[in-house]
Each structure stands twice: as structure tokens, then as C-alpha cells.
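Structural characterization, general
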Protein chains: 2
Amino acid sequence: MDMYVNNEVISSIQNERVKNWNKLLLKKYRDEKNEFLIEEEHLIEEALKCNIVKTIIISEGCFDKFKFDNTFFVTQNVMNKLSSNVSEVKYIAVCKKLDEKLTSSNKVLALDRIQDPGNLGTLLRSALAFGFNQILISDNSVDIYNEKVIRSTQGAIFHLNFLRCNLIETLKKFDNYDILAFSLDNSNYMSEIVVNKKVVIVLGNEGKGISKEVFDCCNKKVKIEMNSFESLNVAVAGSIAMYNFREKNSDVL
Amino acid sequence: MDMYVNNEVISSIQNERVKNWNKLLLKKYRDEKNEFLIEEEHLIEEALKCNIVKTIIISEGCFDKFKFDNTFFVTQNVMNKLSSNVSEVKYIAVCKKLDEKLTSSNKVLALDRIQDPGNLGTLLRSALAFGFNQILISDNSVDIYNEKVIRSTQGAIFHLNFLRCNLIETLKKFDNYDILAFSLDNSNYMSEIVVNKKVVIVLGNEGKGISKEVFDCCNKKVKIEMNSFESLNVAVAGSIAMYNFREKNSDVL
């Protein structure tokens, strides 16, 4: 890490650093570089606590509030090029991806082919709130480092354990867990089932639901009580499920 | 209503009908004309059941599946002008707004200054699923006829009773209801409070929460059990609350 603050202001979107930062808006390059971008001050503060920040980029004329070693100032024009946000962003950070982990958490959220970034981000925010600290996410789900995902998590992403994996293989390791498939077909109402302390909540794609192969890895089929013919947004259904099966001793009581 | 199918294809965005339809993308004109636009076939089918469809607009070359009297064909170029969607839309309908109603529903959702269209739409979808059939929405909330709101409701909007109002005035009429303010400050945990059958769930702005004046109209303060220092998306919090206090006899059991 450069041990100085770079004082010259970068004004060209043709600048090599800018070109490389800009590439991180694409999953392909995030995977290649093992880096991602975050916007907004509170997210950068959270990332600094986790020691994953590599570079901070500040819009020309804005206060250098982070006093981070490797800081660059750029024109707003360059900033806009790096931001996926409509409103003008003042601070952006380049972060290294979180280390993937498989922990012994009692509460696990498994996501099969979730496609909408807002839904994924909202689910991760709820997961942290209800003690679901281990997240399993299928290879074919939306990238957790998508900027809209990170924004929707409100920083929760930095406090969870992730494993991007083949769910069919990985769920086999949870043989002492109740693995709950949330689905409308031949399932029991959530309020009527008895579940042990160790639980995996499995959620499927917004349109297609849980894939057959993943569904077959689950040992309980559950549905949320609701009016007939209605359905719920997947982030809502998953959050209600996580609230219902939450880590009780993690409540503030 | 014109009693014929208009066979000529409208190709100009300068066409007077097109100009008038296009204005409905703005709240100001939706309010003025008491009309709004919907996209996607399943939403149009729902709207037809409610007899609120005035005109159906079909992209040139697409099948006239609705056989609706007042139908117009337009070029895809005109269609894109009328659509707020990124992907190419094939069917759009002009609908008249729903009649506002105040019903005697036991389950009421009151929304104070909700700003995000996706959050509002998701809340309405959950409200229908859990039997909260009366919606009170503050004057300064996002418009329920915003296209993104309607899309997020997945059609639920056509089956709910709405009243856009001054919440402080309107909540006074619910004197035999438990009026629950969902808030983190000096409140009781949701699982610990006893609530009667008639309940109003009050939710506030994404950032600022419930306004002081509306908060003072509530007779119980409630919070959802979660890890300390965390927070939930308002659509998630509201949906968990509605699930918890749902119309039990409306469950499919």
C-alpha cells in the first residue's frame, strides 16, 4: 500500500488507474482482480473496520475524512464514471473481496439462483439482524459484490460469512441440520412445524423457485401462512422465515 | 369507449394520443386525468377483471390477445416512449384510478412518508397476502400509481382498499383499534405485546421513520426482535409485522 496521500487530482477517464477501477463495475473483472467498489461514507467506514479497503477515491474539493494512506482525488466527472449511482457520489473505495468461509453457525441461509440485486441485499441485511451468519449462495445467483446488492445490505455484507458454491454438494455437509425448503407445493405451514436449533433456510429464484436438485437436498418443506392465490416477494418470505427461526439468544432482551 | 378496434398503426411520438398517454408517466398528469399506465400482460389481465381498463396499447405485430374494444397498435418506438421499463414492452393499458375507500377491515396498514416505490409495492403485495385490506397512505408518500410500485405489487394493488389522506386526522377514526407504531425507541418487543383483533400497523419513512405527529396518534409502540445495532428494510419490517398480526381466519388451513 502506497504510504502517502496522492495530492494531484486525476481528471482523465483515460487515466490507467481510472480505467482499472472502472472495470470493477463488471463482475468479470471483480472476479479477476478479487476486488470490488463501494460507495457512500457509512459503507466505507464499515469496510475500513474490516481492513478490506485498498484505495479510497475522493471527489475533488471534498474533505479527506478517512485519512487513509492510499487515497486519490479525482474530478466529479471521473467520479461519475466510477459510480453506478444517479446522484453525485463523493467517496468511493476499492476493497478486496471477503474471504469465503464455511462456519459452524446454527443458522444458515442458502440462496438458489437469486437474481435481483435488491432482493439479495435485503436478504443479507435481514440475515445479520436475525443471526443467520452463514450464507450459502449458488454459483448462478447474482454477484454479492454488485453495487446495488452492497447498497441494499446497508453494510451487513461486511459482517456475514459467505460461501459461493454448488448447493447440492455443500448442503450434504449439513446432515445434522433441519434443511427447510420454502415452497408452496406439498409443504407444511411454518407455524406447525417443529425445527431444531440448527437450521438451514433454503430460498429459490424469484420466478422459478428452488431447483429440483436443491429441493431434493431439503428434509422439510415449509410454507408461510397467507391468503390463497397470493405470493410474497422472496426477500420478504425469507426475512419472515429468518425472523421465525432466529437465534433467540441474540435478541436484545 | 370507442366500439371498434383501431387498425391503423400509430408510428409518431408526436401523435396527440401518444403525447397524452406519455404524460401519464408523471404523477401530476395521473392526478389531473385520474388515469395511470400499467405494463405486462398479467397486470393487464388483473386490471380487466376490475373493469378499470380504458385503453389497451399493443406493439405492432403482437397478437391482440385481449380483444378489448378500445385497442390501439403502435410501433415499438412509440411503445418504448410510453414504457418506463428497460426491456421492450409489448402491451400497455391505460386504466382509471381505483376509487378511494375507507372500509371496516380489522387489519389496516398505515404508511407515513414511504418514499421508495419498490418498498411500497412490496408492502402492498404482503398486505394482500396477510389480509391487511385497508391501506392508509400519507399525502407525502410516493404515488401508488408509479409504474415501479404497481410492478412490485404483482397485481395486489387491484385488490386492496386505499385512502390517501392526512394520517393524523384519519387515525382518529380508529379509536377502537390498537394502533401500533413500529419504531426502535422506547417500545416493546412484538412477541411480548397483546393486541386485539382490530389493528393498525403504522410504518414510517425509510430514513426518518414515523413523524412525531403520527407517532403521537399511536397507542402502542412496537419493535421487532433482532440483533443490537441492526435494522431492517421497511418493507421487510412491515411484512413481518403483518404476518405476525395477520387475519388468522384468512389462512388456508
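Here's what I pulled together on the structure shown here. In this text the structure is predicted, and so the values were computed from the model without any measurement. (Residues numbered from 1 in each chain as written. Chains lettered and ligands numbered in written order. Predicted model: local features only at pLDDT ≥ 70, side-chain atom pairs only at ≥ 80, totals over all residues. Heavy atoms only, no water.)

**Observations regarding the side chain of T153(A)**
Residue and element names in this part refer to chain A. With respect to the helices, strands and loops of the structure, T153 is situated in helix α6 (residues 147-153). Judged by its relative accessible area of 1%, T153 falls in the buried class. One polar contact links the side chain of T153 to the main-chain carbonyl oxygen of I150, over a distance of 2.6 Å. Sequence-distant contacts of T153, that is, excluding residues within four places in its chain, are made with G121, L124 and R125. (Helix = DSSP H or I, 4+ residues; strand = E, 2+ residues; numbered from the N terminus. Buried < 20%, exposed > 50% of the residue type's maximum accessible area, 1.4 Å probe, protein only. Polar contact = N/O pair within 3.5 Å; in protein donor to acceptor, adjacent residues only side chain to side chain. Contact = heavy atoms within 4.5 Å.)

**With respect to the packing of aromatic side chains**
Residue and element names in this part refer to chain A. As enumerated under the stated definition, the model contains 10 aromatic pairs over all chains in all. Note on F130 and Y243: the rings are 5.5 Å apart at their centroids and 70° apart in plane angle, and the pair reads as edge-to-face. Taken together, the positions of F130 in the loop between α5 (117-129) and β7 (134-138) and Y243 in helix α9 (residues 234-244) put the pair 113 residues apart, joining distant regions of the chain. With respect to burial, F130 and Y243 carry one shared label: buried. (Phe/Tyr/Trp six-rings, centres within 6.5 Å; stacked < 30°, edge-to-face > 60°.)

**Remarks on the packing of α9(A) against helix α9 (residues 234-244) of chain B**
One way to put it is that α9(A) packs onto α9(B) with a least axis distance of 9 Å and a crossing angle of 60°. Relative to α9(B), the element α9(A) is oriented oblique. When you trace α9(A) past α9(B), the crossing you get is right-handed. Here A235(A), V236(A), S239(A), I240(A) and Y243(A) of α9(A) lie close against α9(B), whose contacting residues are A235(B), V236(B), S239(B), I240(B) and Y243(B). Here the contact of α9(A) with α9(B) is built from residues that sort into eight nonpolar, two polar and no charged. (Axes fitted to C-alpha atoms, helices over the stretch in contact; angles between N-to-C directions. Parallel < 35°, antiparallel > 145°, perpendicular 65-115°, else oblique. Left-handed = near helix turned anticlockwise from the far one by under 90°. Nonpolar A, V, L, I, M, F, W, Y, C, P; charged D, E, K, R; others polar.)

**Some words on the sheet that holds strand β9 (residues 178-182) of chain B**
All names here are of chain B. The strand order across the open sheet formed by seven strands is β8-β7-β6-β11-β9-β12-β10, and the pairing between neighbours is parallel. Edge positions in the sheet fall to β8 (161-165) and β10 (188-189), since each of these pairs with one other strand and no more. Note that β9 and strand β11 (residues 199-203) share four bridges and pair parallel. Bridge pairing links L180 to I201 in β11. Helix-sheet contacts for helix α5 (residues 117-129) involve β6 (107-111), β7 (134-138), β8 and β11, and the interaxial angle to β6 is about 175°. (Pairing = 2+ DSSP bridges.)

**A look at the packing of α5(B) against α9(B)**
Residue and element names in this part refer to chain B. Packing of α5 against α9 leaves a shortest axis separation of 9 Å and a crossing angle of 10°. On the basis of their axis angle, the class for α5 and α9 is roughly parallel. Along the contact surface, α5 presents N119, T122, L123, S126 and A127, while α9 presents V234, A235, G238, S239 and M242. Residue classes in the contact of α5 with α9 are distributed as five nonpolar, five polar and no charged.

**Considerations on the sheet that holds strand β9 (residues 178-182) of chain A**
All names here are of chain A. An order of β8-β7-β6-β11-β9-β12-β10 is seen for the seven strands of this open sheet, with the pairing classed as parallel. The open sheet has two edge strands, β8 (161-165) and β10 (188-189), and neither has a second partner. Pairing geometry for strand β6 (residues 107-111) and β7, over four bridges, is parallel. Within β7, the position partnered with A110 by the bridge is L136.

**Considering the pattern of salt bridges**
If the charged atoms of two oppositely charged side chains come close together, the side chains can form a pair. Residues and elements named next belong to chain A. With the rule as written, the count across this model stands at 27 salt bridges over all chains. Close ionic contact of K19 with E16 constitutes a salt bridge, the shortest N to O distance being 3.4 Å. Highlighted residues: K19 and E16, both in helix α1 (residues 16-23), separated by three residues, approximately one helical turn. (Salt bridge = Lys/Arg side-chain N within 4 Å of Asp/Glu carboxyl O.)

**A word on α5(B)**
Residues and elements named next belong to chain B. Over its 13 residues, α5 extends 19 Å from the first C-alpha to the last, a length consistent with the 18 Å expected when each residue adds 1.5 Å. Most of α5 sits out of view: 13 of its 13 residues are buried. The N-cap residue of α5 is D116: its side-chain oxygen and the backbone nitrogen of G118 are 3.0 Å apart. Just downstream of α5, G131 is the residue with a positive phi angle, here 80°. (Expected span 1.5 Å × (residues − 1).)

**Focus on the relation of the copies chain A and chain B**
Of the transformation superimposing chain A on chain B, the axial component is 0.0 Å and the angular component is 180°, with the fit at an RMSD of 0.0 Å. Those values place the two copies in the arrangement expected of a two-fold rotation axis. Same-surface contact between copies: 100% of interface residues of chain A are shared with the interface of chain B. (Least-squares fit on C-alpha atoms with pLDDT ≥ 70 in both.)

**A few points about the interface of chain A and chain B**
In this complex, chain A contributes 30 residues to the contact, which on the side of chain B involves 30 residues. Of the roughly 2600 Å² buried between chain A and chain B, counting both surfaces, carbon and sulfur atoms make up 57%. Taken together, chain A and chain B are joined by one salt bridge. The salt bridge involving E225(A) is made with R246(B); its shortest N-O contact spans 4.0 Å. Where the side of chain A that touches chain B is concerned, the elements lending two or more residues are α5 and α9 of chain A. Looking at side-chain class alone, the side of chain A that touches chain B contains 14 nonpolar, 10 polar and six charged residues. (Buried area = accessible area lost by both parts, 1.4 Å probe.)

**A short note on the side chain of R113(B)**
Following the sequence through the fold, R113(B) ends up in the loop between β6 and α5. Once you skip the residues sitting within four places of it in the chain, R113(B) turns out to touch S138(B), N140(B), S141(B), N205(B), E206(B), K208(B), G209(B), I210(B) and S211(B).

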